[in-house]
Amino acid sequence: MMKKILKMLATAALGFGLMTGPALASGGEQKNAPDYDFSFEGPFGTFDRAQLQRGWEVFRQVCSSCHSLKYLRFRNLAEPGGPEFTVEQAKAFAAQYEVQDGPNEEGEMFMRPARLSDAFPSPYPNEEAAKAANNGALPPDLSLIVKAREGWYYPWYISPFIKLVKGNGGAEYVRALISGYEEAPHGEEKEGLNYNPYFPGHWIAMPPPLAGEDVEYLDGTPNTIEQEATDVAAFLAWVSMPKMEERKKIGFMTLLYLLVFALLMFMVKHAIWRNVKH
Amino acid sequence: MSGHATYEFKNPVVRWIEERLPIFSVIRGQAIDFPTPRNLNYWWTFGGIAATMLVVQILTGIVLVMHYTPHVSLAFDSVEHIMRDVNYGWLLRWLHANGASFFFIAVYIHMFRGLYYGSYKSPREVLWMIGVIIFIAMMATAFMGYVLPWGQMSYWGAVVITNLFSAFPVVGETIVQWLWGGFSVDNPTLQRFFSLHYLLPFVLAALVFLHIWALHVVGNNNPDGIDVKSEEDTLPFHPYYTMKDLYAILIFFLVYLGFVFYSPWYLGHSINFAPANPLSTPAHIVPEWYFLPQYAMLRAIPDKLGGVLVMFGSLIILLFLPWLDTSKVRSNRYRPLGKIFFWLFVIACLTLGIAGSQPAEGAWLTVARIATAFYFAYFLVILPLLGKIERPKPMPATITEAVLSKH
């Protein structure tokens, strides 16, 4: 019900925004990402476990060859409110990666298989190595990417309302960006850069990461480029806000409690003031 | 109003303490029996709400400090540690970040209420001036707090604001280097901001104590702006206003916590989720929403020093308000012209807020300049003149009369 009302408001607000000024949309040269109805949106939205598990596969098989995810620990994969792999599965994932530890008793640093408490290892030892391997461009860490990017820009008089209802569109931005590469406008090709209408300024160093059928989905979901992009965007949304489900759950109970408390206080106030003209 | 009430306490322990430190009679006199005008409306609840927000900020802040690390290479990580690993750390962080915004919402409403009902006029000048100092101190506190997570906007906000001081001739550069603790915004800057961000809230608490003390000497103003003439004009603070304030605080918290739980970063900047990078300037550097009007005034002036003076002047001028407003009538309820200009002033402030969020160019720059001019004209021209030319509406003789005529 709540979600429906919010959606109606969003549609109305969006319609108004589109009517009154797509030409005025600010924020530089950047095409607004198409809205997508992710399962985690709205005050009661939760993550789709199967989708996060698929997104994890996309991330580790595709994205992780260049991007780090330094705030994700393997144990998070088995925690409530996320993809909710079993602890055994999370341990098995961890064991596939090597992390540096040490120094040991001989004073040497050594490599060992990762454990649940380890962070997801970065593909490069440092920023300079990452740049050197990527034509001078630094692939950003993706732990907070969904919160750090915005998917849409609207004129000032409508933007605050759209963003209040629909959020900043970070997940939509990621989804649109990685599946939305286009041919560069004729004669405008740039050496080492790729054309992407969703990227601020349009020219992005990252080559198209997905082509479709990049990963094999074990649950039988068709591995189209849109599906893969959507799944990994949802996964990265979870990594950006791993406590979202707990936050909404506690929030609901807190607001309900406050509402009842406020109602009681209103009655107390009313009773005390009843015989006083004020 | 205040006076030293003498109470007879029955409990022997209370009596024993009371004879040595009259704390019970002070509590009884100031927090329970304190005579308060009977006609206060809900705009009067925002003082208590603001005080509550200060308490929320101090409590959440103290716990956050137990997990936060003020170092350029660790600050951002430690905030993520709070968000991900500390039990309910995400809750503390969002309570504190949104708490700053809602503290400002409460204080801005509280200030506009004082402006509308003339609460700054004799005998409440000192009460008002302490309030202005609280406002300036909380702005400094909020600015330094926003730097602590060491994200992109934290860093670049600190760069822009500290650089303002370089506008002062001769000593400007020296002041800026002294603020930075070096030759750029760096670790010494972060550490001193952290230290001051922890210190200033307690200074604020002391100022709030003085503010309430001054209030209890002269007593509350009220929506009719008429002095209390007899006991029948007042009600004891408890239970009438304690219960009303508590009810208002709960409603305010419903909105505040709605943001905390359902849109916790709506009032912030997305780009601040990217760690500070001195080599990459964000496309638009904008302060938090509560500084946007002042930011618009800063950029409205083509000269840097002029902009800085105008921005600080917009705050300092508030200290002189009690003497700039020449009207004998406090409340705008009885000031037909004062009321119109008050609302124009509110519109000017909101316009400045919007202008501050837009790039300072083209039409927005013109709008910001007009609104800035009006802001200062309101204090320097309109309020001094209005008192001379305005014909106030007839006023009731007492608060009780005003109240009864409504029913």
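What you are looking at is a predicted structure, and each value in this text was computed from that prediction instead of being measured.

Parameters at a glance
Residues numbered from 1 in each chain as written. Chains lettered and ligands numbered in written order. Predicted model: local features only at pLDDT ≥ 70, side-chain atom pairs only at ≥ 80, totals over all residues. Helix = DSSP H or I, 4+ residues; strand = E, 2+ residues; numbered from the N terminus. Rg over C-alpha atoms; globule rule 2.2 N^0.38 Å. Buried ≥ 20, exposed ≤ 12 C-beta atoms within 10 Å, placed from the backbone. Contact = placed C-beta atoms within 7 Å. Domains from an automatic or database assignment. Nonpolar A, V, L, I, M, F, W, Y, C, P; charged D, E, K, R; others polar. Expected span 1.5 Å × (residues − 1). Axes fitted to C-alpha atoms, helices over the stretch in contact; angles between N-to-C directions. Left-handed = near helix turned anticlockwise from the far one by under 90°. pLDDT = per-residue confidence, 0-100. Core = buried A, V, L, I, M, F, W, Y, C linked by C-beta atoms within 7 Å.

Some words on the overall build of chain B
From N to C terminus, chain B includes 16 helices and two strands. For 407 residues, the compact-globule estimate of 2.2 N^0.38 gives 22 Å, and chain B sits close to it at 23 Å. In terms of principal-axis extent, the alpha carbons of chain B reach across some 65 × 60 × 45 Å. For chain B, the proportion of its 407 residues judged to be buried stands at 41%. Once local pairs closer than 6 in sequence are excluded, the contacts in chain B between residues at least 24 apart make up 75%.

A look at the overall build of chain A
Check the secondary structure of chain A and you find nine helices and four strands. Mapped in sequence order, the helices and strands of chain A form the string α-α-α-β-β-α-α-α-α-β-β-α-α. Buried positions account for 32% of the 278 residues belonging to chain A. Residue pairs in contact within chain A that sit at least 24 positions apart in sequence constitute 64% of those at least 6 positions apart.

As for the domain arrangement of chain A
Domain annotation for chain A reports domain 1 (2–69 + 141–242) and domain 2 (243–278). Taken together, the residues that form the side of domain 1 of chain A that touches domain 2 of chain A break down as six nonpolar, one polar and no charged.

Considerations on the interface of chain A and chain B
Taken together, the 33 residues of chain A in the interface contact 34 residues of chain B. Those elements that place two or more of their residues in the side of chain A that touches chain B are α5 (145–148), α6 (159–166) and α9 (244–273) of chain A. Among the elements that take part in the side of chain A that touches chain B, α9 of chain A stands out by supplying 16 residues, more than any other. The residue inventory of the side of chain A that touches chain B, partitioned by class, reads 19 nonpolar, five polar and nine charged.

Things to note about helix α8 (residues 225–240) of chain A
Taking 1.5 Å of rise per residue, 16 residues should cover 22 Å, and α8 of chain A covers 22 Å from first to last C-alpha, within 8% of that figure. Buried residues dominate α8 of chain A, accounting for 13 of its 16 residues.

Overview of the packing of helix α4 (residues 75–84) of chain B against helix α5 (residues 89–116) of chain B
Axis separation between α4 of chain B and α5 of chain B bottoms out at 5 Å; the angle between their running directions is 115 degrees. Within the contact between the two elements, α4 of chain B uses V79, I82 and M83 of chain B and α5 of chain B uses G89, W90, L92 and R93 of chain B.

Quick word on the packing of helix α7 (residues 170–179) of chain A against α8 of chain A
Residue and element names in this part refer to chain A. With their axes 8 Å apart at the nearest point, α7 and α8 run at an angle of 145 degrees to one another. Considering the relative orientation of α7 and α8, their crossing is right-handed. Residue-level inspection shows A171, V174, R175, I178 and S179 of α7 in contact with α8, the latter providing I225, E226, A229, T230, A233, A234, L236 and A237. Taken together, the residues of the contact of α7 with α8 sort by class into nine nonpolar, two polar and two charged.

Focus: the domain arrangement of chain B
Residues and elements named next belong to chain B. Domains assigned within chain B are domain 1 (1–33) and domain 2 (34–406). Taken over C-alpha atoms, the centre of domain 1 sits 35 Å from the centre of domain 2. Taken residue by residue, the interface counts seven residues in domain 1 and nine residues in domain 2. Here the residues of the side of domain 1 that touches domain 2 sort into three nonpolar, three polar and one charged.

Focus: the confidence of the model for chain A
Residues at a pLDDT of 70 or more form 90% of chain A, whose mean pLDDT is 91. For the stretch residues 12–27 of chain A, pLDDT sits under 50, and the model shows 18 contacts to residues farther than four places along the chain or on other chains.

Describing the nonpolar core
The biggest cluster of nonpolar side chains holds 125 residues, and the ones touching the most others in it are V174, F235 and L236 of chain A together with F103 and A106 of chain B. Sorting elements by how many residues they give to this core places α5 of chain B first, with 13 residues. Ranked by size, the runner-up nonpolar core spans six residues in total, among them Y120, W128, L215 and L318 of chain B.

Re unusual backbone geometry
Residues and elements named next belong to chain B. Cis peptide bonds are those with omega within 30 degrees of zero, and the linkage from S122 to P123 qualifies with 10 degrees. Residue position: P123 is located in the loop between α5 and α6 (125–147). Residue H238 is joined to P239 through a cis peptide bond whose omega torsion reads 5 degrees. In this fold, P239 is placed in helix α10 (residues 237–262). In the Ramachandran plot, Y88 falls in the positive-phi region, its phi being about 55 degrees despite a non-glycine side chain. Along the polypeptide, Y88 turns up in the loop between α4 and α5.

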